[in-house]
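Topology and contacts: notes
The primary structure of each chain is shown beneath.
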Amino acid sequence: MEKLKNIDVTSVVWKSIQGDGLNLEYAVPINKNIASEIFIELENTLEYFTGDLSQIKVFGKVYPLPRQQVAYGDPGITYTYSGTTVPALPWPEPVLALRDFLVALKGIKYDFVLVNKYKNGIDHMGEHRDNEPELDPTAPIASISFGQERTFVLKHRDARKPGKDKKPIPPVKLELEHGSILLMNPPTNEIWYHSLPTRKKLLGARINLTFRKMILKRH
Ligand SMILES: O=C(O)CCC(=O)C(=O)O
Ligand SMILES: [Fe+2]
């Protein structure tokens, strides 16, 4: 994707969002026209998981995932979801171009990406942290968004506690724009949970890619 190579990464304006254990950086480096071209290319290229990998197990009961998902990565990288471990699929061209763009932008070469597609405002993602032991704890997670702008909500772990242990720390809300990049720097994913709540009135589709760096396991 030549269009990403033509972006002047030195002129990108990053906004820093800081709090107790919170360290985020946000920018919109990809203009709306290029972002729309990439959205269409992703729509034409990506195929999402079906079967077991499109379901989640909660307290032993199986539910369809309230969005579509697929994962790509370097050879040897595996992905565990709801107790199932699968090899990451090989990088499709437009996703590889986005990975290369992050090398140009931040000097980090990610080896895995989870792609989530939200067909409309009903599709969502529940509160969670991305603090799996396979993730390199020193590398930020880089989240790139295309399509429908949606609200991303972060909650401090102590604000979720019941009773007197609960701390009155307000949630942090961000509107993730078409063509935006959000970096979640450490220790954010230890201290803060995040979610993408439903927005029933929003009709547009959104594709989000969270690039991650894994700790390679030796077998
Ligand atoms: O769609 C989003 O913005 C959030 C995705 C996310 O949290 C994840 O992939 O772990
Ligand atoms: Fe996440």
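Residues numbered from 1 in each chain as written. Chains lettered and ligands numbered in written order. Predicted model: local features only at pLDDT ≥ 70, side-chain atom pairs only at ≥ 80, totals over all residues. Heavy atoms only, no water.

**Digging into the nonpolar core**
Of all hydrophobic cores here, the largest spans 62 residues; its most connected members are I30, F146, L209 and F211. With near-sequence residues (within four places) excluded, I30 lies in contact with L4, I7, A35, I38, L98, F101, F146, H178 and G179. (Core = buried A, V, L, I, M, F, W, Y, C linked by side-chain atoms within 4.5 Å. Buried < 20%, exposed > 50% of the residue type's maximum accessible area, 1.4 Å probe, protein only. Contact = heavy atoms within 4.5 Å.)

**A short note on unusual backbone geometry**
With an omega of 5°, the peptide bond running from P186 to P187 counts as cis. Structurally, P187 can be placed in the loop between β13 (180-184) and α4 (188-191). Unusually for a residue other than glycine, F59 sits at a positive phi of about 50°. (Helix = DSSP H or I, 4+ residues; strand = E, 2+ residues; numbered from the N terminus.)

**A few points about the coordination of the iron ion (ligand 2)**
Coordination of the iron ion (ligand 2) by the protein is provided by H128 (NE2), D130 (OD) and H194 (NE2), with metal-donor distances spanning 2.1 Å. The motif formed by the donor residues of the iron ion (ligand 2), counted along the single chain, is H-x1-D-x63-H. (Donors = N, O, S within 2.8 Å, 3.2 Å for Na, K, Ca; no water.)

**Describing the UniProt feature "domain: Fe2OG dioxygenase" (unreviewed entry) in the protein chain**
Under the UniProt annotation, the feature "domain: Fe2OG dioxygenase" (unreviewed entry) is placed at residues 109-215. Overall, residues 109-215 shows 4% helix and 44% strand. The separation of its end C-alpha atoms is 13 Å. (UniProt positions renumbered as here; feature names shortened; annotations may be inferred.)

**A word on the UniProt feature "binding site: 2-oxoglutarate" (unreviewed entry) in the protein chain**
Per the UniProt entry, the sites bearing "binding site: 2-oxoglutarate" (unreviewed entry) are N116, Y118, H128, H194, R206, T210 and R212 in this numbering. With respect to the secondary-structure elements, R206 resides in strand β15 (residues 206-212). As for its placement among the helices and strands, R212 is situated in strand β15. Judged by relative accessible area, R212 falls into the buried class, the value being 7%. The residues contacting R212, other than those within four sequence positions of it, are Y110, D111, F112, L114, D130, E132, L135 and I141.

**Describing the site of ligand 1**
Not every one of the 14 residues close to ligand 1 is listed here, only the nearest: Y118, D130, H194, R206 and R212. Note that an oxygen atom of ligand 1 is positioned 2.8 Å from one of the side-chain N or O atoms of R206. N208 is positioned such that a nitrogen or oxygen atom in its side chain is 3.4 Å from an oxygen atom of ligand 1. When isolated, ligand 1 has an accessible area of 300 Å², and the protein chains bury 98% of it. (Near = heavy atom within 4 Å. Polar contact = N/O pair within 3.5 Å; in protein donor to acceptor, adjacent residues only side chain to side chain. Areas by Shrake-Rupley, 256 points an atom, 1.4 Å probe, with all protein chains shown as cover.)

**Regarding the sheet that holds β13**
The seven strands are arranged β1-β2-β13-β10-β15-β8-β5 in an open sheet whose pairing can be described as antiparallel. Across the chains shown, the open sheet's two edge strands, defined by having one partner strand only, are β1 (15-19) and β5 (68-73). Going across the sheet, the axis of each strand differs from the next one's by a mean of 20°, ignoring polarity. Examined bridge by bridge, strand β2 (residues 22-27) and β13 share four bridges and lie antiparallel to one another. Each bridged residue has a counterpart across the sheet, and for Y26 the counterpart in β13 is L182. (Pairing = 2+ DSSP bridges. Axes fitted to C-alpha atoms, helices over the stretch in contact; angles between N-to-C directions.)

**Description of the sheet that holds strand β11 (residues 150-156)**
Taken in spatial order, the four strands line up as β9-β14-β11-β12 in an open sheet, and their pairing is antiparallel. Since the sheet does not close on itself, it has two edges, and those belong to β9 (125-128) and β12 (172-176), each with one partner. Each strand of the sheet is rotated relative to its neighbour by a mean of 15°, with strand direction disregarded. Pairing of β11 with strand β14 (residues 192-196) involves four bridges; the strand directions are antiparallel. Paired with V153 across the bridge in β14 is S195.

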